[in-house]
Amino acid sequence: MRINQSSPNRKISAYGAPQRPLQGGFELYSWYFFRFSGILLIGFVVVHLLIMHVANDVHCTAYDFVAIRYANPYWRLFDWMMLMLALFHGLNGLRIVIDDYVRPYTWRLVAQSGVWLLALTFFWLGTIAILTFHAVPNPGSPCVAHPLG
Amino acid sequence: MDRGQVGRWSLLGYRILGLGIYRGQSGQWSWFLHRLSGLGILAFLLVHIIDISLLELGPTYYNDAISIFSTPGIRAASLILIAAVMYHVFNGLRIIAIDFWPSGVRYQQQMWIAAMALAILCFIGMGIFVIGPIFGFFTPGVGPLVFM
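Keep in mind it's a predicted model, so treat the numbers as computed, not measured.

About the thresholds
- Residues numbered from 1 in each chain as written.
- Chains lettered and ligands numbered in written order.
- Predicted model: local features only at pLDDT ≥ 70, side-chain atom pairs only at ≥ 80, totals over all residues.
- Helix = DSSP H or I, 4+ residues; strand = E, 2+ residues; numbered from the N terminus.
- Buried ≥ 20, exposed ≤ 12 C-beta atoms within 10 Å, placed from the backbone.
- Contact = placed C-beta atoms within 7 Å.
- Nonpolar A, V, L, I, M, F, W, Y, C, P; charged D, E, K, R; others polar.
- Core = buried A, V, L, I, M, F, W, Y, C linked by C-beta atoms within 7 Å.
- Expected span 1.5 Å × (residues − 1).
- Axes fitted to C-alpha atoms, helices over the stretch in contact; angles between N-to-C directions.
- Parallel < 35°, antiparallel > 145°, perpendicular 65-115°, else oblique.
- Left-handed = near helix turned anticlockwise from the far one by under 90°.

Draft legend 1. Molecular detail of the overall build of chain B. Helix and strand counts for chain B come out as six helices and zero strands. In chain B, the succession of helices and strands from N to C terminus is α-α-α-α-α-α. Looking at the 148 residues of chain B, the share that counts as buried comes to 28%. Of the contacts formed within chain B by residues at least 6 apart in sequence, a portion of 53% connects residues at least 24 apart.

Draft legend 2. Just the overall build of chain A, in detail. Of the regular secondary structure elements, chain A holds four helices and zero strands. Its helices and strands taken in sequence order, chain A reads α-α-α-α from the N to the C terminus. The proportion of buried residues among the 149 residues of chain A is 21%. For chain A, restricting intrachain contacts to residue pairs at least 6 apart in sequence, the fraction spanning at least 24 positions comes to 57%.

Draft legend 3. The interface of chain A and chain B, seen in detail. Each partner contributes residues to the interface: chain A has 49 residues there, and chain B has 51 residues. At the level of secondary structure, the elements contributing two or more residues to the side of chain A that touches chain B comprise α1 (26–55), α2 (63–69), α3 (73–101) and α4 (105–131) of chain A. A breakdown of the residues in the side of chain A that touches chain B according to their chemical character gives 33 nonpolar, ten polar and six charged.

Draft legend 4. The nonpolar core, seen in detail. If you look at the biggest cluster of nonpolar residues, it comprises 17 residues, and the most contacted ones within it are Tyr63, Val66 and Leu83 of chain A together with Leu55 of chain B. Of all elements in the fold, only α2, α3 and α4 of chain A together with α3 (27–53) and α4 (59–66) of chain B reach the threshold of two or more residues within this core. Sort the elements by how many residues they give to this core and α2 of chain A lands first, with four residues. Apart from residues lying up to four places away in sequence, Leu83 of chain A is in contact with Gly126 and Ile130 of chain A together with Ile49 of chain B.

Draft legend 5. The arrangement of helix α6 (residues 108–131) of chain B in detail. An ideal rise of 1.5 Å per residue puts 34 Å on 24 residues; α6 of chain B measures up with 33 Å between its terminal C-alpha atoms. Every buried residue belonging to α6 of chain B is among Gln108, Met111, Trp112, Ala115, Ala119, Met126, Phe129 and Val130 of chain B, and all of these are buried. On its buried face, α6 of chain B is in contact with α1 of chain A together with α3 and α5 (72–100) of chain B.

Draft legend 6. Looking closely at the packing of α3 of chain B against α5 of chain B. Residue and element names in this part refer to chain B. Where α3 meets α5, the axes come as close as 9 Å, and the angle between the chain directions of the two elements is 130 degrees. Taken together, the axes of α3 and α5 lie oblique to each other. For α3 against α5, the interelement crossing comes out left-handed. Residue-level contacts link Ser30, Leu33, His34, Ser37, Gly38, Gly40, Ile41 and Phe44 of α3 to Leu81, Ala84, Val85, Tyr87, His88 and Asn91 of α5. Its residues assigned to classes, the contact of α3 with α5 comprises seven nonpolar, seven polar and no charged.

That is the geometry; function is a separate question.
Here it is as structure tokens:
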């Protein structure tokens, strides 16, 4: 079995599952975060997909649909939690992929800085979109009547 | 396998497929697909955050932008995303089982087959609803309020 010798605190087993980092620290928390957020995300994403693609259709999930949904703050909370878990689960994955493939120190620094920049930008973009959404009257809607007319 | 033996396939084999990172058994492909699907889902997630951030610009811009998602081409392309999500979900559960269930490693290959089967099953179930409207099935509608 060959393992990633360049980062002794992060190994992959022969069965395709990353082994729990033995030295603790950030990599151990990252390892646990992947599993914890992954389990939660399954629940969030299944509900999200059933709502957006089975109970409704993407043709109808337009502005007015969002307006009705986001009148309920719990849906905002649901979406925000899902978005944050997915964003940091995904970017943590990207961080590890970069560590695996980008070996020169300078390029790795540039790439990892890019990951943190992406994290900041998209955390901000997503949070603003979900928390500050304020419905305005909309003349035409593909499927639903707008609550504000 | 060292770099020299990999030769001209070094980029694809050595780096991307992970042949130089470790030479796994059947798990190598489960690992590769998990990574590939994960990166694909992340790419979509970033696009998705950008499109929901257009809500700030009001209904005209937002509806114009997201109407792209209900065009036949993008509906078909969404199938790739659904497949990636389904694989990532079930193989992710398999990885957690390998990590926390003492006998998990012994059944990793069976679990991979099970994960694949469940992913394909759920992909078909979900995919029908996504591309149905192209062919006139499951015509666009809105569910009861409780599903919004």
